[in-house]
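# Coordinate inspection notes
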Amino acid sequence: MKKPIILVNYKTYETSYGKRGLELAKTLERVSIDTSTEIIIAVPATMITRISQEVSIPVYAQHVDGLPEGAHTGAVLPEHIKDAGARGSLLNHSERRVRLDEMDDALKRMKKLGLESVVCVDRYELVVPMGLLYPTAILIEPPELIGSGVSVSKAKPEVITNAVKEIRKVEGVYLIAGAGISSGEDVFISIKLGSDGIGVASAVMKAKDPKKVVESFVLEALKAIDQK
Ligand code: G3P
């Protein structure tokens, strides 16, 4: 059975850093081990080292710059995140867009370093063009639903079904769907529609009991995969 991908983007929520960020990582690691699911966490750059030293689940950066080493104040390079212990990075999130040439530069460097990459797109029409840069996965998220609590699975299922059709034209790239994912049912629908998993932020980062939330996501994800 294929493992569903659950990608938790920490963003800059108040639970994303320090002791709380680390505790959340440990909680998600527990769920991942107990359920044999792939839970990826995309954490603030300053937390990569600390978290990746303490947990075994994949730790991603939320962004990298495709700039060469040298005089680039404030840039975070693929080499930096690899050295810090990251397994990969998000790229081109709606909240952190990058130019296409910069993305290509970053992806090429990441590949050379053996880093995974999840490129975000806001519409299905970009699945093939971005997919042809061969990231590890494409994460499709309609920006208007991000953080809304209204899921792409329920509000815009056609975005997922169209994206799934498109990703089939590109070999070896996973398709993840996100934006507003809040319940196990949202996860179930997304995977039933053909995605390989989901991306989530607010429903986990703002939850009183993130373990419960992620457990319900994983449970429904496994159920959906089972029924495929
Ligand atoms: O990267 C995932 C993220 O943008 C989704 O955010 O808060 O709608 O789950 P949210």
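Quick note: structure is the one above.
As a starting point, this report considers the structure included with it. Model, not experiment: these values are computed from the prediction.

Residues Ala137 and Leu139 line one face of strand E6 (residues 137–140) and the alternating positions Ile138 and Ile140 line the opposite face, and both faces are buried. Relative to E6, strand E5 (residues 116–121) runs parallel, the two being bridged by four bridges. Paired with Val121 across the strands is Ile140, a residue of E6. The pairing of E6 with strand E7 (residues 174–178) spans four bridges and is classified as parallel. Bridging across to E7, Ile140 finds its partner in Ala177.

The subject of this paragraph is the nonpolar core. If you look at the biggest cluster of nonpolar residues, it comprises 66 residues, and the most contacted ones within it are Ile6, Val8, Tyr10, Ile41, Ile51, Ile138 and Phe217. Broken down by element, this core gets its largest block of residues, seven residues, from helix H10 (residues 210–227). Not counting chain neighbours up to four residues away, the residues in contact with Ile6 comprise Glu38, Ile39, Ile40, Val187, Ile198, Phe217, Val218 and Ala221. Grouped together as the second largest cluster of nonpolar side chains are eleven residues, Leu7, Ile40, Leu90 and Val118 included.

The environment of the ligand is made up of Asn9, Lys11, His93, Glu141, Leu145, Ile146, Gly147, Ala179, Gly180, Val200, Ala201 and Ser202. At a separation of 2.9 Å, an oxygen atom of the ligand approaches a polar side-chain atom of Lys11.

On to the environment of Ser190, then. Of note, Ser190 is situated in helix H8 (residues 184–192). The buried category is assigned to Ser190, whose relative accessible area is 0%. It is 5.3 Å that separates the C-alpha atoms of Ser190 and Ser153, two residues lying 37 residues apart in sequence. Beyond its immediate chain neighbours, meaning those up to four positions away, Ser190 contacts Ser153, Ile160, Ala177, Ser195, Gly197 and Ile198.

Cut-off values and rules
Residues numbered from 1 in each chain as written. Predicted model: local features only at pLDDT ≥ 70, side-chain atom pairs only at ≥ 80, totals over all residues. Heavy atoms only, no water. Buried < 20%, exposed > 50% of the residue type's maximum accessible area, 1.4 Å probe, protein only. Helix = DSSP H or I, 4+ residues; strand = E, 2+ residues; numbered from the N terminus. Pairing = 2+ DSSP bridges. Core = buried A, V, L, I, M, F, W, Y, C linked by side-chain atoms within 4.5 Å. Contact = heavy atoms within 4.5 Å. Near = heavy atom within 4 Å. Polar contact = N/O pair within 3.5 Å; in protein donor to acceptor, adjacent residues only side chain to side chain.

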